[in-house]
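If you want the building blocks of each chain, they are given just below.
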Amino acid sequence: MLYPLLASRIALARSGFGKKLLAPASYGLISLGVHCKHTLPDLPYDYNALEPYISADIMKLHHQKHHATYINNLNIAEEKLADAVVKGDTSTIISLQPALKFNGGGHLNHSIFWEVLSPHGGGEPEGKLMEAIGSGWCWLGYDVTAKQLKIVTCVNQDPLKATTGLIPLFGIDVWEHAYYLQYKNVRPDYVKAIFHIANWKNVAERFNAAQVS
Ligand SMILES: [Fe+2]
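- Where an unreviewed UniProt entry is consulted, the protein chain appears under the name Superoxide dismutase, with the organism given as Acanthosepion pharaonis.
- Looking at the protein chain in UniProt, the text filed under Catalytic activity (unreviewed entry) is "2 superoxide + 2 H(+) = H2O2 + O2".
- Listed in UniProt under the heading Sequence similarities (unreviewed entry), the comment for the protein chain reads: "Belongs to the iron/manganese superoxide dismutase family."

Encoded structure:
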């Protein structure tokens, strides 16, 4: 019997997922009895290409040390998994899930992170993406049931509590009317500027009240 994770990995590989985003060498494949290791994908730019926003030192450490460690640990976990599947060792298969989730997630997340940054990035999204993002609000809210903070976006003027159940603690109005006269279409500068005037005392009062509600 093929363990579901292996089956999903094979299906993912067959679907071609990731091939457009990652160099072929970076894409690992498990098939019946064959285990190709994941390898660290090259950055699509030089380590210093994102300066001054992210230094070359950070990029090098983040890529060569952190991302590479996730990949190494993912390879180790997948080897153990393949071995456990062959042996029918269900306890070991289950015990490997946190390592697969953490290191596999670290590999997938960082592979996307390198791609969604660019030395030629910035500005505003365009076309259908911009239409889909639309106008709305970004909220820091409190989930009473989970006792956790959550960051969510709401379209239009949808109020946070009525539409998500979260208690609003801090919100940023990202409708164009809130920033266009001053920041034109550079919404990120407006969002950054908001944090110079954030009233954390008020947010803390809302947080304290939410916790006893
Ligand atoms: Fe990271």
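**A few points about the overall build of the protein chain**
And step 1. Along the protein chain, the regular secondary structure elements total 9 helices and 5 strands.
And step 2. Taking all contacts inside the protein chain whose residues are at least 6 apart in sequence as the whole, residues at least 24 apart take part in 51%.

**Considerations on helix α9 (residues 200-211)**
And step 1. Counted at 1.5 Å a residue, the expected span for α9 with its 12 residues is 16 Å, and the 16 Å between its end C-alpha atoms agrees.
And step 2. A small share of α9 lies buried, amounting to 0 of its 12 residues.

**Here's the deal with the nonpolar core**
Across soluble globular proteins, nonpolar side chains show a tendency to be buried alongside one another.
And step 1. By size, the foremost hydrophobic cluster in this structure holds 6 residues: Trp137, Trp139, Tyr142, Leu160, Leu166 and Leu169.
And step 2. Counting residues per element, this core draws most heavily on strand β3 (residues 136-143), at 3 residues.
And step 3. If near-sequence neighbours (up to four positions away) are discounted, Leu169 is found in contact with Leu140, Gly141, Tyr142, Val203, Arg206, Phe207 and Ala210.

**Thoughts on the sheet that holds strand β5 (residues 167-173)**
And step 1. If you trace the 3 strands from one edge of the open sheet to the other, you get β4-β3-β5, paired in antiparallel fashion. Both outer strands of the open sheet, β4 (148-155) and β5, are each paired with one neighbouring strand and no more. Averaged over neighbouring strand pairs, the angle between their axes works out to 25° when direction is ignored.
And step 2. With respect to the sheet, α9 is in contact with β3 and β5, its orientation differing from that of β5 by roughly 150°.

What counts, and where the lines are drawn
- Residues numbered from 1 in each chain as written.
- Predicted model: local features only at pLDDT ≥ 70, side-chain atom pairs only at ≥ 80, totals over all residues.
- UniProt positions renumbered as here; feature names shortened; annotations may be inferred.
- Helix = DSSP H or I, 4+ residues; strand = E, 2+ residues; numbered from the N terminus.
- Contact = placed C-beta atoms within 7 Å.
- Expected span 1.5 Å × (residues − 1).
- Buried ≥ 20, exposed ≤ 12 C-beta atoms within 10 Å, placed from the backbone.
- Core = buried A, V, L, I, M, F, W, Y, C linked by C-beta atoms within 7 Å.
- Pairing = 2+ DSSP bridges.
- Axes fitted to C-alpha atoms, helices over the stretch in contact; angles between N-to-C directions.

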